[in-house]
Amino acid sequence: MRTLYEDLTRIGDYTADDVVYHLAHRDLGLDLPARVHGKQAVIDSEQALCRLTDGTLRASIDAIAANDFFAAVTGTFHADVGDEAIAFPSAGCGASATA
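Numbering of residues starts from 1 in every chain and runs along the sequence as written. Residue-level local features of this predicted model are given only where pLDDT is at least 70; pairs of side-chain atoms are given and counted only at 80 or more, and the full residue set underlies all totals for whole chains, interfaces and linings. With hydrogens and water stripped out, all remaining heavy atoms of the structure feed into the side-chain values.

## As for the overall build of the protein chain
Next, step 1: Strands here mean DSSP runs of E at least two residues long; helices mean DSSP runs of H or I at least four residues long; both are numbered from the N terminus. If you tally the helices and strands in the protein chain, you get two helices and five strands.
Next, step 2: Pairs of residues are marked as contacts when any of their non-hydrogen atoms sit within 4.5 Å. Within the protein chain, contacts between residues at least 6 apart in sequence are counted, and of these 30% link residues at least 24 apart.

## So, the packing of aromatic side chains
Next, step 1: Pairing of aromatic side chains here covers Phe, Tyr and the six-membered ring of Trp, requires ring centres within 6.5 Å, and sorts the geometry by plane angle: under 30 degrees stacked, over 60 edge-to-face, intermediate tilted. Applying the stated criterion across every chain yields a total of one aromatic pair.
Next, step 2: Ring centres of F77 and F88 lie 5.5 Å apart, and the angle between their planes is 20°; this geometry places the pair in the stacked category. Linking F77 in strand 4 (residues 70-81) with F88 in strand 5 (residues 84-95), this pair joins segments that are eleven residues apart in sequence. Each member of the pair, F77 as well as F88, carries the same accessibility label: buried. Exposure classes here rest on a 1.4 Å probe applied to the protein chains alone. A residue is buried below 20% of its type maximum, exposed above 50%, and partly exposed in between.

## A few points about the pairing of strand 3 (residues 58-66)
Next, step 1: When DSSP finds two or more bridges between a pair of strands, those strands are recorded as paired. Sheet analysis places strand 3 next to strand 4, joined by eight bridges and oriented antiparallel. Within strand 4, the residue paired with A59 across the bridge is F77.
Next, step 2: Between the antiparallel neighbours strand 3 and strand 4 lie three residues.

## Description of the confidence of the model for the protein chain
Next, step 1: For every residue, the predictor reports its confidence as pLDDT, a number between 0 and 100. Residues at a pLDDT of 70 or more form 84% of the protein chain, whose mean pLDDT is 81.
Next, step 2: The secondary-structure element of the protein chain with the lowest mean pLDDT is strand 1 (residues 20-22), recorded at 76, while strand 3 shows the highest, at 90.

## Digging into helix 2 (residues 39-52)
Next, step 1: Relative to the 20 Å expected for 14 residues at 1.5 Å per residue, helix 2 spans 20 Å between its end C-alpha atoms, a close match to the ideal helical length.
Next, step 2: By the burial criterion, the buried members of helix 2 are V42, I43, S45, E46, A48, L49 and C50.
Next, step 3: Contacts from the buried residues of helix 2 go to strand 1 and strand 2 (35-37).
Next, step 4: A positive phi of about 50° marks D54, the residue just after helix 2. Helix span is expected to be 1.5 Å times the residue number reduced by one.

## Points about the environment of A16
Next, step 1: In this fold, A16 is placed in the loop between helix 1 (2-6) and strand 1.
Next, step 2: A relative accessible area of 33% means that A16 is categorised as partly exposed.
Next, step 3: C-alpha of A16 to C-alpha of K39: the two residues are 23 residues apart in sequence and 6.1 Å apart in space.

## A look at the pattern of salt bridges
Next, step 1: The salt bridge criterion pairs a side-chain nitrogen of Lys or Arg with a carboxyl oxygen of Asp or Glu, the two atoms within 4 Å. As enumerated under the stated definition, the model contains one salt bridge in all.
Next, step 2: Measuring nitrogen to oxygen at the nearest pair gives 2.8 Å for the salt bridge that ties R10 to D13.
Next, step 3: A residue is classified by how much of its surface remains accessible, and R10, at 35% relative accessible area, is partly exposed.

## Looking at unusual backbone geometry
Next, step 1: Phi is positive for D54, which is not a glycine, with a value near 50°.
Next, step 2: Here D54 shows up in the loop between helix 2 and strand 3.
Next, step 3: Overall, the relative accessible area of 67% leaves D54 in the exposed class.

Following this line, the structure appears as structure tokens:
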């Protein structure tokens, strides 16, 4: 999980084909959906978010709880949008396709 959050553009390396992804940027006024379905849609969405922030999107992780099938992550995303530095808390989780 830490590896993924260190480089959010690599989300496709860690994503199942039938993924449902709930994005944490909903209240920032960015032109992206709140939820996307499918691996390619998730990759496209994450890359769009990185482009909208001119590549400044980054995450600092507070905690990860995981087992063989499930992971939950809390932290804060940081980015520059235009001339404004923003930060927003996030809690994410995922499950293995075999869970």
